[in-house]
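The chain contents come next:
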Amino acid sequence: MTSYTPDELFASTAPYYARYRPGYDPAFYGTLAERFALSGTERVLDLGTGTGVIALPLARLVGHVTAIDPEPGMLEEGRKLAAEQGITNIDWRRGDSTTLPAMHLDPVLLTVMGAAFHWMDRDQALRELDQLIEPDGAVVLASGGAPGDIEPAPWLQVIADVRTRYLGPQRRAGSSTYTHPTERHQDVLARSPFSDIDTISWDRTLTRTLDEVIGLQFSYSYSSPAQLGDRKDAFEHDLRQALTDFAPAGTFDEVVRTEAIIAGRP
């Protein structure tokens with residue numbers, strides 16, 4: 001398994017991440033509230049919180065959220081958003097799946113992860129979470145689904161072509177490259193203590209402006225400002241031109257999936 005440092009991956013993406021990532025379907029939170037009878041008193045852990053994409057809406061449904069991320073810039077953006085929204089029941093802490101035993105956390109009903117599980121040693125992380133999650137609790141993985149689940153919008157190929165010209169054909173990850181794990185999350189969970197697995201998905205269509213599409217690219221680890229370096233402005237110029245040529249009206253529709261894998265103990 002290739003190791004990545006958060007400074008390489010996400011340090012330069014934080015403000016773009018907070019502003020341009022779309023978040024998850026509201027029905028996702030409704031499902032958690034119903035399934036676990038959330039009453040505003042529960043403790044949950046958001047592991048790999050980023051800027052709090054899950055932690056912020058979930059905080060309105062539970063008593064306390066511990067939001068953990070290895071990247072200080074992400075945590076700072078999350079704190080700003082929480083302050084703007086008047087949310088005070090989130091504890092923002094620096095760490096990751098490997099630091100959980102040393103963090104002396106209180107037991108939690110749920111551990112949620114949003115598109116972060118694939119960066120971890122998944123088997124080891126689940127062993128650690130087995131010590132932390134209450135007996136009737138669960139691991140909840142939220143993502144956009146597995147690659148290839150949804151037919152991609154045609155304008156995404158325009159972006160891929162420009163990105164390849166600047167960064168090469170392989171997906172960049174810091175000073176290395178990234179390959180999505182071949183083993184599905186469900187298969188990893190099936191051999192863990194959390195082997196009672198349910199997968200649910202919701203699809204919605206988002207319409208973005210040209211500026212929003214471009215800003216979104218800088219939120220990704222593989223096309224971050226740090227990856228592009230002094231070519232960032234040129235990349236943005238060429239991308240803006242290519243997208244404008246493709247869609248002169250300046251609007252870009254995309255079907256976006258929220259997939260939730262909810263895994264409890266049998």
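Here, every reference points to the structure presented above.
Residues numbered from 1 in each chain as written. Predicted model: local features only at pLDDT ≥ 70, side-chain atom pairs only at ≥ 80, totals over all residues. Heavy atoms only, no water.

Core analysis: the biggest nonpolar cluster contains 30 residues, and Phe 28, Leu 32, Phe 36, Ile 54, Leu 58 and Ile 90 have the highest contact counts within it. Elements supplying a minimum of two residues to this core: helix H3 (26-35), helix H4 (55-59), strand S2 (64-69), helix H5 (72-85), strand S3 (90-94), strand S4 (108-114), strand S5 (133-143) and strand S9 (251-264). Take this core: its biggest share by element is four residues, from H4. The contact partners of Phe 36, leaving out residues within four places of it in the chain, are Leu 109, Leu 110, Asp 136, Ala 138 and Ile 262. Membership of the second largest hydrophobic core comes to 23 residues, among which are Leu 45, Ile 68, Met 103 and Leu 126. (Core = buried A, V, L, I, M, F, W, Y, C linked by side-chain atoms within 4.5 Å. Buried < 20%, exposed > 50% of the residue type's maximum accessible area, 1.4 Å probe, protein only. Helix = DSSP H or I, 4+ residues; strand = E, 2+ residues; numbered from the N terminus. Contact = heavy atoms within 4.5 Å.)

Once the charged atoms of two side chains with opposite charge are near each other, the side chains can pair. Applying the stated criterion to the full structure yields 14 salt bridges. Ionic pairing is found between Arg 35 and Asp 198, a salt bridge with its closest N-O pair at 2.7 Å. Residue Arg 35 is found in helix H3, and its partner Asp 198 is found in strand S8 (residues 196-209); the two are separated by 163 residues along the sequence. For Asp 198, a relative accessible area of 28% translates into the label partly exposed. (Salt bridge = Lys/Arg side-chain N within 4 Å of Asp/Glu carboxyl O.)

Extensive coverage of helix H9 (residues 210-217) is indicated by the burial of six of its eight residues. Within H9, burial applies to Leu 210, Val 213, Ile 214, Gly 215, Leu 216 and Gln 217. Looking at the buried positions of H9, the neighbouring elements they touch are helix H2 (14-20), helix H7 (155-167), S8, helix H11 (232-246) and S9.

On to the packing of H9 against H11, then. Packed helix pairs are characterised by how far apart their axes lie and by the angle those axes make with each other. Put simply, H9 and H11 touch, their axes get as near as 11 Å, and they point 135° apart. Classed by the angle they form, the pair H9 and H11 counts as oblique. The two elements H9 and H11 cross, and the hand of that crossing is right-handed. For the pair H9 and H11, contact is made by Leu 210, Asp 211, Val 213, Ile 214 and Gln 217 and by Glu 236, Leu 239, Arg 240, Leu 243 and Thr 244, respectively. Of the residues assigned to the contact of H9 with H11, the class counts are five nonpolar, two polar and three charged. (Axes fitted to C-alpha atoms, helices over the stretch in contact; angles between N-to-C directions. Parallel < 35°, antiparallel > 145°, perpendicular 65-115°, else oblique. Left-handed = near helix turned anticlockwise from the far one by under 90°. Nonpolar A, V, L, I, M, F, W, Y, C, P; charged D, E, K, R; others polar.)

On any regular strand, side chains alternate: one points to one face of the sheet, the next to the other face. Alignment of S2 against S3, held across five bridges, turns out to be parallel. By the bridge assignment for S3, Val 65 is matched with Ile 90. Running through H5, the crossover from S2 to the neighbouring parallel element S3 is right-handed. (Pairing = 2+ DSSP bridges. Right-handed = clockwise from strand over helix to strand, strands pointing away.)

The next thing to look at is the environment of Gly 30. Residue position: Gly 30 is located in helix H3. Take Gly 30: its relative accessible area is 39%, and that puts it in the partly exposed class. Put simply, Gly 30 and Val 158 are 128 residues apart on the chain and 35 Å apart in space, counted from C-alpha to C-alpha.

One can describe the packing of H7 onto H11 by two numbers: an axis separation of 10 Å at closest approach and a directional angle of 150°. One element, H7, and the other, H11, form an angle in the roughly antiparallel class. In this structure, H7 crosses over H11, and the sense of that crossing is right-handed. Where H7 abuts H11, its residues Trp 155, Val 158, Ile 159, Val 162, Arg 163, Arg 165 and Tyr 166 lie against Ala 234, Phe 235, Asp 238, Leu 239, Ala 242, Leu 243 and Phe 246. Classifying every residue of the contact of H7 with H11 gives eleven nonpolar, no polar and three charged.

Summed over the entire model, instances satisfying the criterion amount to eight aromatic pairs. For the pair Phe 28 and Trp 202, a centre-to-centre distance of 6.3 Å together with 65° between the ring planes defines the contact as edge-to-face. Of this pair, Phe 28 sits in helix H3 while Trp 202 sits in strand S8, and the two are 174 residues apart along the sequence. The exposure class of Phe 28 is buried, given its relative accessible area of 1%. (Phe/Tyr/Trp six-rings, centres within 6.5 Å; stacked < 30°, edge-to-face > 60°.)

Bear in mind that shape data such as this cannot, by itself, settle questions of function.
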